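Each chain is listed here by its residues.
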Amino acid sequence: MNFPLFPLLSDEDKGETSEGGLDPLGLVQVAEALAVRLIPGVRERMSHPRYLTAMAVAMEVCRKFPEETVARDGISPPWLVFEWITVEGFVRTLDGRDPFKLPGSDKAAKALRERVPLSAARYLKTPNVFGFHGVYRGLARDLDVDNAGRLGETGYELLTTWAKEQKLDGFTGTAGGQGAHLCNLLYWAVRESLEAGAVARRDNWPHWRFFREHLAPHQTGPREARILQDALFAGSAGFRGAVLRFLVSEQGRKVFEDTQSERLFHAALRRSADPELGSLLDAIASYETFSRTCQDAFDDVLVEMTRRGGSKVTPRELGQVETVKAASKRVPEMFGELLERLEPFSRETVRFADTFAPLAERTDAASWADRLLGHHIAVQRKKPPVGKSPWFERFDDGGAIIRPLYRRDQPGRRDDSYLHAYRTGSLYTFARDLHLLST
């Protein structure tokens with residue numbers, strides 16, 4: 001089903017920027033790959049597993065729409081329109097009580113303040129990445145909540161359990177009842193919003209409360225929570241169940257709550273881990289030491305450049321920075337050992353070797369500083385879609401001047417904390433929402 005297209009006004013599109021202010025040394029890719037091996041399906045920006053229930057509800061509400069259906073805007077499918085309505089419902093009714101940020105809530109709140117309907121032009125620019133469907137879809141597929149856009153076995157069990165627990169009989173299936181009535185109301189809300197190309201419900205719609213009463217992210221029902229618990233604990237290609245079990249144990253919970261340190265949490269988990277999990281945890285710990293060493297040196301280089309203001313600084317001068325001196329010795333020493341620890345994970349071994357080989361050669365601090373600057377420039381050039389600008393201007397004699405946008409007064413941390421996140425925080429909030437943490 002395709003609705004007719006009409007002219008639509010949209011917000012200004014500022015286009016792609018050439019700036020790249022994240023991951024200046026290209027360290028994230030290997031860390032992400034290791035995190036996926038450790039806890040598949042879970043991403044760092046996840047906080048509430050009940051979004052999986054919301055996705056199951058969306059699939060049931062939207063199942064009557066033909067697969068090719070898009071809104072009047074020509075791009076928004078029914079599930080995304082349901083997401084607009086859901087996020088607006090949360091913003092309208094949760095009154096800021098949810099301690100974790102709702103994906104898209106800022107956009108919905110802005111539309112409400114301006115008294116304009118939420119639409120593709122006013123929602124997230126890449127909702128398939130940053131909306132709750134985008135963030136949680138990988139996990140929904142891993143747990144079989146979503147099977148090719150339809151309810152999987154876990155999704156059906158989750159939906160029917162939720163409906164019974166919420167006293168919404170008939171929400172799924174052919175029976176009548178309050179649930180069937182509400183599902184039909186939501187279907188028509190989506191349908192009319194598809195036709196309008198924007199949310200087609202206003203302040204006086206009495207069913208905004210549905211989202212607060214039945215899908216509030218932090219109010220998972222006990223039986224609904226059990227379905228999600230079982231799915232998360234179930235075996236998968238990674239170690240999600242093992243990590244979660246340790247996290248909710250007395251020892252694991254104490255380590256994480258007392259320290260908020262993934263390195264210390266992983267070290268405690270390592271003592272009871274099987275050989276395969278232990279090998280992965282060793283690789284993560286070594287990679288994070290490597291990453292912190294490189295990042296501290298780069299951060300302190302930026303501080304030194306900032307201290308010089310608009311004056312050019314040479315690699316020889318940067319070689320006098322203490323963390324650069326240390327990195328010039330430690331990084332080559334760590335490189336070979338880390339390659340061995342990554343060996344069981346062949347793809348990560350190749351990626352690591354290809355990316356960081358220029359920093360692995362034994363040399364003096366000034367030459368290593370020169371290589372660090374060149375490595376950053378190479379990383380920026382490879383960033384999609386067409387490369388990003390380096391954080392400093394480089395000259396033919398090797399000198400550099402930091403660009404104003406990247407001036408920095410804060411030095412590197414110079415500790416053993418992980419540079420990257422490995423999903424323990426997300427699992428902890430999942431455990432809290434699913435009643436796995438005893439009080």
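Residues numbered from 1 in each chain as written. Predicted model: local features only at pLDDT ≥ 70, side-chain atom pairs only at ≥ 80, totals over all residues. Heavy atoms only, no water.

What to know about the packing of helix H2 (residues 50–62) against helix H7 (residues 153–165)
Here is step 1: Contact geometry of H2 with H7 gives a least axis separation of 9 Å together with a crossing angle of 95°. Classified by the angle between their axes, H2 and H7 sit roughly perpendicular to one another. Across from Arg50, Leu52, Thr53, Ala56, Val57 and Glu60 in H2, the residues of H7 making contact are Gly155, Leu158, Leu159 and Trp162.
Here is step 2: In terms of residue class, the contact of H2 with H7 is made up of six nonpolar, two polar and two charged. (Axes fitted to C-alpha atoms, helices over the stretch in contact; angles between N-to-C directions. Helix = DSSP H or I, 4+ residues; strand = E, 2+ residues; numbered from the N terminus. Parallel < 35°, antiparallel > 145°, perpendicular 65-115°, else oblique. Contact = heavy atoms within 4.5 Å. Nonpolar A, V, L, I, M, F, W, Y, C, P; charged D, E, K, R; others polar.)

Examining helix H10 (residues 222–233)
Here is step 1: Its twelve residues give H10 an end-to-end C-alpha distance of 16 Å, which sits within 8% of 16 Å, the value for a rise of 1.5 Å per residue.
Here is step 2: Buried within H10 we find Glu224, Ala225, Ile227, Leu228, Gln229, Ala231, Leu232 and Phe233.
Here is step 3: Next to the buried residues of H10 lie H2, helix H6 (132–142), H7, helix H11 (240–248) and helix H19 (424–433). (Expected span 1.5 Å × (residues − 1). Buried < 20%, exposed > 50% of the residue type's maximum accessible area, 1.4 Å probe, protein only.)

Structural notes on the packing of aromatic side chains
Here is step 1: This model, assessed by the stated rule, comprises 23 aromatic pairs.
Here is step 2: Measuring from centroid to centroid gives 5.2 Å for Phe210 and Phe211, while their planes differ by 85°, and the two rings are edge-to-face. An identical accessibility class is assigned to Phe210 and Phe211; each is buried.
Here is step 3: Taking the centre distance of 5.7 Å and the plane angle of 45° together, the rings of Phe256 and Tyr428 count as tilted. (Phe/Tyr/Trp six-rings, centres within 6.5 Å; stacked < 30°, edge-to-face > 60°.)

Points about the side chain of His376
Here is step 1: Mapping His376 onto the fold places it in helix H18 (residues 365–381).
Here is step 2: Once residues lying within four places of it in the same chain are set aside, the contact partners of His376 are Pro24, Leu25, Phe298, Pro390, Trp391 and Phe392.

Focus on the packing of helix H1 (residues 28–38) against helix H14 (residues 275–307)
Angle between the axes and distance between the axes are the two parameters that describe a pair of packed helices.
Here is step 1: Closest axis-to-axis distance for the H1/H14 pair is 11 Å, and the angle between their directions is 155°. Classed by the angle they form, the pair H1 and H14 counts as roughly antiparallel. Where H1 crosses over H14, the two elements pack in a sense that is left-handed. Every residue of H14 that contacts H1 at Val30, Ala31, Leu34, Arg37 and Leu38 is listed here: Leu277, Leu280, Leu281, Ile284, Tyr287 and Glu288.
Here is step 2: When the residues that make up the contact of H1 with H14 are grouped by side-chain class, the tally is nine nonpolar, no polar and two charged. (Left-handed = near helix turned anticlockwise from the far one by under 90°.)

Digging into the confidence of the model for the protein chain
Here is step 1: Put simply, the protein chain has an average pLDDT of 92, and 94% of its residues get 70 or more.
Here is step 2: Contacts of residues 1–16 to residues separated by more than four positions or lying in other chains number 30 contacts, the stretch itself having pLDDT below 50. (pLDDT = per-residue confidence, 0-100.)

Quick word on the nonpolar core
Here is step 1: Counting residues in each nonpolar core, the largest one holds 127 residues, and the members touching the most others are Leu38, Val61, Phe171, Phe211, Tyr287 and Phe290.
Here is step 2: For Phe171, the residues in contact, after removing those within four places along its chain, are Val57, Glu60, Val61, Leu159, Trp162, Ala163, Gly179, Ala180, Leu182, Cys183, Leu186 and Phe210. (Core = buried A, V, L, I, M, F, W, Y, C linked by side-chain atoms within 4.5 Å.)

Focus on the pattern of salt bridges
Here is step 1: Enumeration over the complete set of coordinates arrives at 35 salt bridges.
Here is step 2: One salt bridge connects Asp282 with Arg270, and the closest N-O pair in it is separated by 2.9 Å. Of this pair, Asp282 sits in helix H14 while Arg270 sits in helix H13 (residues 262–270); the two residues are twelve residues apart in sequence, bridging distant segments of the chain.
Here is step 3: Among the residues examined, Asp282 registers a relative accessible area of 23% and is labelled partly exposed.
Here is step 4: Where Arg308 meets Glu304, a salt bridge forms, and the shortest distance between an N and an O atom there is 3.1 Å.
Here is step 5: Residue classification places Glu304 among the buried positions, given a relative accessible area of 15%. (Salt bridge = Lys/Arg side-chain N within 4 Å of Asp/Glu carboxyl O.)

Some details on helix H8 (residues 178–196)
Here is step 1: In a regular helix each residue adds 1.5 Å, so 19 residues correspond to 27 Å; H8 covers 27 Å between its end C-alpha atoms and thus fits that length.
Here is step 2: Looking one or two residues beyond H8, the residue adopting positive phi is Gly197, at roughly 75°.

Things to note about the environment of Val321
Here is step 1: Position of Val321 among the secondary structure elements: in the loop between helix H15 (315–318) and helix H16 (322–342).
Here is step 2: Residue contacts for Val321: discarding those within four places in its chain leaves Asp300 and Glu304.

Focus on the state of the cysteines
Here is step 1: Taken as a whole and judged by the stated rule, the model has zero disulfides.
Here is step 2: For the unlinked cysteine Cys62, the closest cysteine sulfur is that of Cys183, found at 9.1 Å. (Disulfide = S-S within 2.5 Å.)

Structural notes on the side chain of Glu262
Here is step 1: Relative to the helices and strands, Glu262 is located in helix H13.
Here is step 2: Comment: no salt bridge for buried Glu262; closest opposite-charge side chain is Arg423, at 7.5 Å.
Here is step 3: Among the polar contacts made by the side chain of Glu262, one reaches the side chain of Thr424 at a distance of 2.5 Å.
Here is step 4: With residues up to four places along the chain from it excluded, the contact list for Glu262 reads Tyr418, His420, Ala421, Tyr422, Arg423 and Thr424. (Lys, Arg positive; Asp, Glu negative; His and termini not counted. Polar contact = N/O pair within 3.5 Å; in protein donor to acceptor, adjacent residues only side chain to side chain.)

Thoughts on unusual backbone geometry
Here is step 1: Between Pro384 and Pro385 the backbone carries a cis peptide bond, its omega angle lying at 0°.
Here is step 2: Its location among the elements puts Pro385 in the loop between H18 and strand E3 (392–394).
Here is step 3: Even without being a glycine, Arg414 presents a positive backbone phi close to 55°.
Here is step 4: Within the secondary structure, Arg414 is located in the loop between strand E4 (400–402) and H19.
Here is step 5: Relative accessible area serves as the criterion here: at 52%, Arg414 is assigned to the exposed category.
Here is step 6: Positive phi, close to 75°, is recorded for Arg423, a residue that is not glycine.
Here is step 7: Mapped onto the fold, Arg423 is located in the loop between E4 and H19.

Concerning the environment of Tyr418
Here is step 1: Among the structural elements, Tyr418 can be located in the loop between E4 and H19.
Here is step 2: The exposure class assigned to Tyr418 is buried, which follows from its relative accessible area of 10%.
Here is step 3: Sequence-wise, Tyr418 and Ala237 are 181 residues apart; in three dimensions their C-alpha atoms are separated by 24 Å.
Here is step 4: Not counting residues up to four positions away in its chain, the partners in contact with Tyr418 are Glu262, Arg263, His266, Ile284, Ala285, Glu288 and Arg292.
Here is step 5: Only 3.0 Å separates the side chain of Tyr418 from the side chain of His266, close enough to count as a polar contact.

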